[in-house]
Amino acid sequence: MALPGRSRRAMTVAPSSTPGPSIPRDPTRADRAFLLALIVLGGSYLLVLGAMLVADASYTSPSHLWKALRSPEIRYAIHLSFLTCTLTAILSVWVAVPIGYLMARWRFPGRALVDALLDIPIVLPPLVIGLSLLILFQTPPGRAIERFIPVTYAIPSVILAQFMVACAFAVRTMRATFDLISPRQEHVALTLGCSRPQAFWWVVIPEAKRGILTAGTLAWARALGEFGPILVFSGATRMKTEVLPTTVFLELSVGNLEAAVAVSLLMVVAAVAVLLIIRTFGAQESIGRPL
Amino acid sequence: MINVRQLHLRAGSFLLSNVSFTIASGSYAVLMGRTGSGKTTLLEGVCGLRRVESGSIHLHDRDITHLPPASRGIGFVPQEAALFHHLTVAEHLAFALRVRKWPDPAIRSRVVEVAESLRLTPLLDRHTQGLSGGESQRVALGRALSFRPDILCLDEPLSALDDETRDEICSVLATLHRTTGVTVLHITHNQREADRLASVVLRLEQGSVACEHRSP
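Parameters and conventions
- Residues numbered from 1 in each chain as written.
- Chains lettered and ligands numbered in written order.
- Predicted model: local features only at pLDDT ≥ 70, side-chain atom pairs only at ≥ 80, totals over all residues.
- Helix = DSSP H or I, 4+ residues; strand = E, 2+ residues; numbered from the N terminus.
- Rg over C-alpha atoms; globule rule 2.2 N^0.38 Å.
- Buried ≥ 20, exposed ≤ 12 C-beta atoms within 10 Å, placed from the backbone.
- Contact = placed C-beta atoms within 7 Å.
- Nonpolar A, V, L, I, M, F, W, Y, C, P; charged D, E, K, R; others polar.
- pLDDT = per-residue confidence, 0-100.
- Pairing = 2+ DSSP bridges.
- Axes fitted to C-alpha atoms, helices over the stretch in contact; angles between N-to-C directions.
- Core = buried A, V, L, I, M, F, W, Y, C linked by C-beta atoms within 7 Å.
- Right-handed = clockwise from strand over helix to strand, strands pointing away.
- Parallel < 35°, antiparallel > 145°, perpendicular 65-115°, else oblique.
- Left-handed = near helix turned anticlockwise from the far one by under 90°.
- Expected span 1.5 Å × (residues − 1).

S.K.: I'm lost on the overall build of chain B in this one. Help?
M.R.: When helices and strands are tallied, chain B shows six helices and 10 strands. A compact globule built from 216 residues should have a C-alpha radius of gyration of about 17 Å, and chain B, at 17 Å, falls within 12% of that. Considering only C-alpha atoms, chain B reaches an extent of 45 × 40 × 35 Å along its principal axes. The burial tally for chain B puts 42% of its 216 residues in the buried class. Taking the contacts inside chain B whose residues are at least 6 apart along the sequence as the reference set, 69% of them involve residues at least 24 apart.

Pasting the structure below:
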């Protein structure tokens, strides 16, 4: 469809040495209005997000933060959060890579159903995930596992609750990653003498390195913020199953708003730091590489 | 020699049936046909990338119909080159040799030889990002020829190149064919490429292959 005269002329790019009438390169009023609308709509979200963080920061003080960091309960929660989030991220990548690869490469009966099933943890309320896990471990197979490894209301339940939600995000990321890697590279590897496993490890995995890193980061960050399933499946016992979101909840419930805000800020700083580190590393890895 | 007899191949709902042809050793065969006629499906069948429903493929009297691609000894260059972004040009040329567990000195010597024949020596330490279309196709050719395959299958390797680069790669292909004596099966839509390179033209029309011998 042809664009109205003025906009069409403005969008035409011609080399400056081209003879003939000059074509305006400056944005027209319509271009500026369009850009402004995009900035206003997107910016309003960023503004509220920034304002929330500034409000948190202004509500607390370095002394509150220091006091929070010296509390043994909060230090335990920090350690447990970092431990469980790291284990969850590793487990999520371990599972998401094969699922993402299978879903991206193979067509099989019931594939649409499996695809929908994989999205359940994303669309279900987190509390329902926790409740379902709790019920699962009341069934005979669940009780059999509990006889060897205590799960419910213990540290493994924290990891399992985080994993069930975070893994769904890692699977989505890996699926998109493998969708973007051409099967032709694997085909070539096969003709060069590779078996399927060799083509996977020597060609597909190195090509998917950035996607794997992103999936792991996303799972880590998602696990750090997980609260609903942990509350139901692990409880909120201090110095036992207390992770950082649990601390915020417990401090809020006893009216200690300053400590709750201080812990919230710690979580914000930790999440931003991890995202920045990984993105910087990812950017260095991908210099000059088309995505 | 490639001998394809009454081959049936399926790609989704597309069925290529009862295809037969023979390509003599050392020939440069160009496979032509309309879009959707099944040229790539046929090439994938020969390379072992697509399951054969019935019929047979023989390579020098060896039945390779159901062999995996790795055991066929066929070099493959796809349209989009499909380079491995995590490897340097030298690592591309060494890839098939490392898979075959060649000793390091033999790999180094072969990489130098292939790089010289394809004018890739100045690019050996570079990664594939930033290579031009012609350079990428030369790397893909070198990667496919590194292990000295009996057959080289090319799936429209020149279609994404400009005219000048296309001419350059055509010359490279003609020289490689002359110096190595490898049997080539090359898919193209371009009549000029066929006129310039082919010693035999195969036309795939309505599921059957017509053969036309030429003196290039």
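Let us keep going from here.
S.K.: I would appreciate a short explanation of the overall build of chain A in the present structure.
M.R.: From N to C terminus, chain A includes 14 helices and zero strands. Listing every helix and strand of chain A by position from the N terminus yields α-α-α-α-α-α-α-α-α-α-α-α-α-α. A sequence separation of at least 24 residues applies to 74% of the contacts in chain A between residues at least 6 apart.

S.K.: Hey, could you run me through the interface of chain A and chain B in this one?
M.R.: By convention, interface size is frequently given as the accessible area that disappears when the constituent parts associate. On the chain B side, the residues contacting the 17 residues of chain A number 21 residues. If you list the elements that add at least two residues to the side of chain A that touches chain B, you get helix H9 (183-191) and helix H10 (196-207) of chain A. When the residues that make up the side of chain A that touches chain B are grouped by side-chain class, the tally is six nonpolar, eight polar and three charged.

S.K.: Sorry, what's going on with the confidence of the model for chain A here?
M.R.: Predicted coordinates in regions of low pLDDT should not be interpreted in detail. Residues and elements named next belong to chain A. The pLDDT averaged across chain A works out to 86; a share of 87% of its residues lies at or above 70. Within the model, the stretch residues 1-18 combines pLDDT values under 50 with 13 contacts to residues more than four positions away or in other chains. Taken together, the stretch residues 286-291 has pLDDT below 50 and engages in six contacts with residues farther than four places along the chain or on a different chain.

S.K.: Got a minute to help me understand the pairing of strand S10 (residues 208-213) of chain B in this structure?
M.R.: Residues and elements named next belong to chain B. The element S10 is barely covered by neighbouring structure, given that only zero of its six residues are classed as buried. By the bridge criterion, six bridges tie strand S9 (residues 200-205) to S10 in an arrangement that is antiparallel. Paired with leucine 202 across the strands is cysteine 211, a residue of S10. Hairpin connection, S9 to S10: the antiparallel pair is bridged by two residues, and glutamine 206 has positive phi, about 50 degrees.

S.K.: Is there a simple way to think about the sheet that holds strand S6 (residues 74-77) of chain B in this case?
M.R.: Whether parallel or antiparallel, the strands of a sheet pair through hydrogen bonds between backbone atoms. Residue and element names in this part refer to chain B. If you walk across this open sheet you meet the six strands as S6-S7-S8-S3-S9-S10, and the pairing is mixed. Since the sheet does not close on itself, it has two edges, and those belong to S6 and S10, each with one partner. Within this sheet the neighbouring strands show an average axis-to-axis angle of 20 degrees, counted without direction.

S.K.: Teacher, can you tell me more about the nonpolar core here?
M.R.: What tends to happen in soluble globular proteins is that the nonpolar side chains get buried as a cluster. One finds Ala170(A), Ala219(A), Cys153(B) and Leu185(B) to be the most contacted residues of the largest nonpolar core, which totals 117 residues. Considering every element that reaches this core, the biggest residue donor is helix H8 (residues 155-180) of chain A, with 14 residues. Apart from the residues within four sequence positions on either side, Ala219(A) is in contact with Thr88(A), Ala89(A), Ser92(A), Val93(A), Ala166(A), Cys167(A), Phe169(A) and Ala170(A).

S.K.: Where do I start with the sheet that holds strand S5 (residues 62-63) of chain B in this structure?
M.R.: The four strands are arranged S2-S1-S4-S5 (chain B) in an open sheet whose pairing can be described as antiparallel. Unpaired on one side and paired on the other, strand S2 (14-23) and S5 of chain B mark the two borders of the sheet.

S.K.: What is the right way to look at helix H2 (residues 89-99) of chain B in this model?
M.R.: Because each turn of an α-helix spans 3.6 residues, side chains separated by three or four positions end up pointing in the same direction. All names here are of chain B. For H2, a buried count of eight out of 11 residues is recorded, marking the element as mostly surrounded by other parts of the structure. Every buried residue of H2 is accounted for by Val89, Ala90, His92, Leu93, Ala94, Phe95, Ala96 and Leu97. Considering only its buried residues, H2 is in contact with helix H3 (104-117) and helix H4 (133-145). Backbone geometry just after H2 places lysine 101 at a positive phi near 60 degrees.

S.K.: What's the story with the environment of Glu91(B) in this structure? I'm lost.
M.R.: Checked against the element boundaries, Glu91(B) lands in helix H2. Assessed through the 17 C-beta atoms surrounding it within 10 Å, Glu91(B) is described here as partly exposed.

S.K.: Honestly, the pairing of strand S8 (residues 183-187) of chain B in this entry has me stumped. Any pointers?
M.R.: On any regular strand, side chains alternate: one points to one face of the sheet, the next to the other face. Residues and elements named next belong to chain B. Judged by how many residues are buried, S8 sits mostly within the fold: five of five residues are covered. Residues of S8 alternate between two faces, with Thr183, Leu185 and Ile187 on one and Val184 and His186 on the opposite face, all of them buried. When strand S7 (residues 151-155) meets S8, the two strands line up parallel, connected through five bridges. Bridged to cysteine 153 within S8 is leucine 185. Crossover handedness for the path S7 to helix H5 (residues 163-180) to S8: right-handed.

S.K.: What am I meant to see in the packing of helix H4 (residues 72-105) of chain A against H8(A) here?
M.R.: Packed helix pairs are characterised by how far apart their axes lie and by the angle those axes make with each other. Residues and elements named next belong to chain A. Interhelical geometry of H4 versus H8 gives an angle of 40 degrees and a closest axis separation of 6 Å. In this view, H4 runs oblique relative to H8, as classed from their interaxial angle. The handedness of the crossing between H4 and H8 is right-handed. Its residues assigned to classes, the contact of H4 with H8 shows 20 nonpolar, six polar and three charged.

S.K.: Would you mind showing me how to read the environment of Ala260(A) here?
M.R.: All names here are of chain A. Relative to the helices and strands, alanine 260 resides in helix H14 (residues 257-285). Of the residues examined, alanine 260 has 22 C-beta atoms within 10 Å and is grouped as buried. Put simply, alanine 260 and alanine 68 are 192 residues apart on the chain and 8.8 Å apart in space, counted from C-alpha to C-alpha. Residue contacts for alanine 260: discarding those within four places in its chain leaves Val248, Glu251 and Leu252.

S.K.: Would you take a moment to explain helix H5 (residues 111-123) of chain A for this structure?
M.R.: For H5(A), spanning 13 residues, the distance from its first C-alpha to its last is 19 Å, which sits close to the expected 18 Å at 1.5 Å a residue. Taken across its 13 residues, H5(A) has one buried, putting it largely on the surface.

S.K.: It is not clear to me how unusual backbone geometry should be interpreted in this structure. Could you clarify?
M.R.: Trans peptide bonds make up the majority, and among non-glycine residues the majority have a negative phi. Residue and element names in this part refer to chain B. Notably, alanine 81 is not glycine yet its phi reads approximately 70 degrees, a positive angle. You can see alanine 81 is positioned in the loop between S6 and H2. Residue alanine 81 is classed as buried on the basis of its 23 C-beta neighbours within 10 Å. With a phi close to 50 degrees, alanine 82 is a non-glycine residue in the positive phi region. Following the sequence through the fold, alanine 82 ends up in the loop between S6 and H2. Residue class for alanine 82 comes out buried when judged on the 21 C-beta atoms lying within 10 Å of it.

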